[in-house]
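Architecture and fold: a report
Chain residues, written in single-letter form:
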Amino acid sequence: MDRALSLRVDPVDALVDVPRRIRLEGLAPHARVALSARTRRVGGVDWRSAARFRADADGVVDTGVLAPEDGSYSGVSAMGLIWSQSPDDAQASNVFPDDLLEPLETHLTAESDGGRAQAVLIQRVAAAGVSREDVREDGLVGALYRPASPGPHPAIVILNGSGGGMNEPRAALYASHGYVALALAYFKAPGLSDYISNTPLEYFKRGLDWVRATQRPAGGFVALNGQSRGGELVLLLASLFPDDVSAVVAYVPGAVVHGGQNASDPAVGRDGPAWLLDGKPLVHIWNDNRTASWAAFDAGQRHEVSIRTALEDPEAVARARIPVERIRAPIILLSGTDDAAWPSSLYSRMVVDALRAHDFPYDCQWVDAPEGGHAIVFPYIPTTGITHRHPVTGRLFTGGGAPGPNALSNENSWTAIKAFLARAVADHARA
């Protein structure tokens, strides 16, 4: 009876951003069947999902066609069994493998009165042949991922947000798509400060110079990719060092300069500076702000609520605004309308409006995810971790959105970014 059922994945083995077809055949017409998925991720923690379906008239369940009757997700979603996974250990949050050069295996099981069937779905963050090496030169701390194919390749520097450290999964995936990718840490990494406070912006200029000098990217193309505080940072860096930045990918960015906030050194305080230039702190939104208040956040409300109080002082906003019109490169902005960390949708609108007001001559795109939250990553990974403990403060922090809208945001944003960068590279080569 087991042989009557056939559970297939197509393709079985591919990059993490490749959608799959999950199809079960051999059921009785309109029979009910339970599908489950289990993936072992960082730290040996199992992540699981399950959903019950009713087969069609041909005895087939195709997750890209049928919605489950109930389970871990709702609605039609070919990869719903992946993005709806939750960990056995509620404290687990990292959805990637311990070694990014190794694949993730998801074991799928179908069970019904007609029998049982199993299949494996393999996701890779790094394509075969992608290499990784530590970077500890010129005071830089990072991880460099190189494509398997011979160069020269365009390059991209990836900056994390208020959690610090290195965003290696994104670097590995960029390398899999043909970019030399440097995941550059600037705090909370070996040899660096534990905090974002008083970070010298010259450090990033040194990183851009290092990539060009050592990697010799195709046509000298070096893009910046940043998330959250990193999204604020890449816009700021591109405005300060316009000759050094070939394209800007700003995930849930800020349109103004912010202080240390949740990643601050306690000795400096959350209202102290995050960024230094020529040894001097940049003016940020909390400086001399007449309306800013942390009361809502300290009372347990969303961080975004307190950020909005600071935006009610137009003079403070004007002083802290990032002069994005100085950027001389194409820009793509990714945001979510239910961002609970800060109002990335509003911030992206502020950036777009400023660029239009100055007749910005370069490509500017904005992908705003309806009901999407702060955590925009890439497709087909679990999106159930809406609330987590902040890596610096240890305080519970919510990013907003919900698993379904966040999964759609991941998919749509990554599709847009790949096309945006391909055009930017081509345009750069023609210039």
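Preceding this paragraph is the structure being described.
The sections below set out a description of the structure shown in this document. Just so you know, these numbers come straight off a predicted model, no measurement behind them. (Residues numbered from 1 in each chain as written. Predicted model: local features only at pLDDT ≥ 70, side-chain atom pairs only at ≥ 80, totals over all residues. Heavy atoms only, no water.)

1. A closer look at the sheet that holds strand S14 (residues 180-185)
To be explicit about the condition: Strands were regarded as paired on the criterion that DSSP finds at least two bridges between them. Counting from the N terminus, the helices are the DSSP runs of H or I reaching at least four residues and the strands are the DSSP runs of E reaching at least two. All axes are obtained by fitting lines to C-alpha atoms, using only the stretch in contact for helices, and the reported angles, taken between N-to-C directions, cover 0 to 180 degrees. Whether two residues touch is decided by their heavy atoms; if any such pair falls within 4.5 Å, the residues are in contact.
Spatially, the eight strands line up as an open sheet ordered S11-S12-S14-S13-S16-S17-S20-S21, and their pairing is mixed. Two strands close off the open sheet at either side, each with one partner strand: strand S11 (131-135) and strand S21 (364-369). Neighbour-to-neighbour, the strand axes of this sheet turn through a mean angle of 15°, independent of strand direction. When strand S17 (residues 247-251) meets strand S20 (residues 331-336), the two strands line up parallel, connected through four bridges. Following the sheet pairing, Val249 is matched in S20 by Ile332. On top of the sheet, helix H8 (residues 344-357) reaches S20 and S21; it is set at about 150° to S20, its chief contact. Against the sheet, helix H9 (residues 403-430) engages strand S13 (155-159), strand S16 (222-227), S17, S20 and S21, with an angle of about 170° to S17.

2. Some words on the environment of Ala50
Here is the rule we go by: Classification of residues uses two cut-offs on accessible area relative to the type maximum, computed with a 1.4 Å probe and protein chains only: under 20% is buried, over 50% is exposed, and between them is partly exposed.
Following the sequence through the fold, Ala50 ends up in strand S5 (residues 45-54). A relative accessible area of 37% means that Ala50 is categorised as partly exposed. Along the sequence, Ala50 and Asp13 sit 37 residues apart, while their C-alpha atoms lie 21 Å from each other.

3. Some words on unusual backbone geometry
Residue Pro11 is bonded to the preceding Asp10 through a cis peptide linkage, with omega at -5°. One can find Pro11 in the loop between strand S1 (6-10) and strand S2 (13-15). Here the residue pair Gly151 and Pro152 is connected by a cis peptide bond, since its omega of 5° sits within 30 degrees of zero. Mapped onto the secondary structure, Pro152 falls in the loop between strand S12 (141-146) and S13. A positive phi angle, close to 45°, is found at Arg216, a residue other than glycine. Within the secondary structure, Arg216 sits in the loop between helix H3 (202-215) and S16.

4. Let's talk about helix H4 (residues 229-240)
In an α-helix there are 3.6 residues to a turn, and that puts residues three or four apart on one side. For clarity, the cut-off: Each residue after the first adds 1.5 Å to the expected span of a helix.
Over its 12 residues, H4 extends 16 Å from the first C-alpha to the last, a length consistent with the 16 Å expected when each residue adds 1.5 Å. Of all the residues in H4, the buried ones are Arg229, Gly230, Gly231, Glu232, Leu233, Val234, Leu235, Leu236, Leu237, Ala238 and Ser239.

5. A closer look at H9
Taking 1.5 Å per residue, 28 residues should reach 40 Å; H9 reaches 41 Å between its end C-alpha atoms and fits that length. For H9, the complete set of buried residues consists of Asn406, Ala407, Ser409, Asn410, Ser413, Trp414, Ala416, Ile417, Phe420, Leu421 and Ala424.

6. Quick notes on the pattern of salt bridges
The cut-off we apply is this: Here, a salt bridge means any Lys or Arg side-chain nitrogen found within 4 Å of an Asp or Glu carboxyl oxygen.
What the rule picks out here adds up to 30 salt bridges. Of the charged contacts in the structure, one is a salt bridge between Asp243 and Arg328, with a shortest N-O distance of 2.2 Å. Of this pair, Asp243 sits in the loop between H4 and S17 while Arg328 is found in the loop between helix H7 (314-320) and S20, placing the two residues 85 residues apart along the sequence. Its relative accessible area of 61% is what places Asp243 among the exposed residues. Residue Arg328 is classed as partly exposed on the basis of its relative accessible area of 41%. Note that Asp298 and Arg270 form a salt bridge whose closest N and O atoms lie 2.7 Å from each other. Of the two residues, Asp298 sits in helix H5 (residues 295-298) while Arg270 sits in the loop between S17 and strand S18 (275-277), which places them 28 residues apart along the sequence. Overall, the relative accessible area of 42% leaves Asp298 in the partly exposed class. Several salt bridges share partner residues, and in doing so they unite Arg38, Arg40, Asp46, Arg48 and Asp88 into one network.

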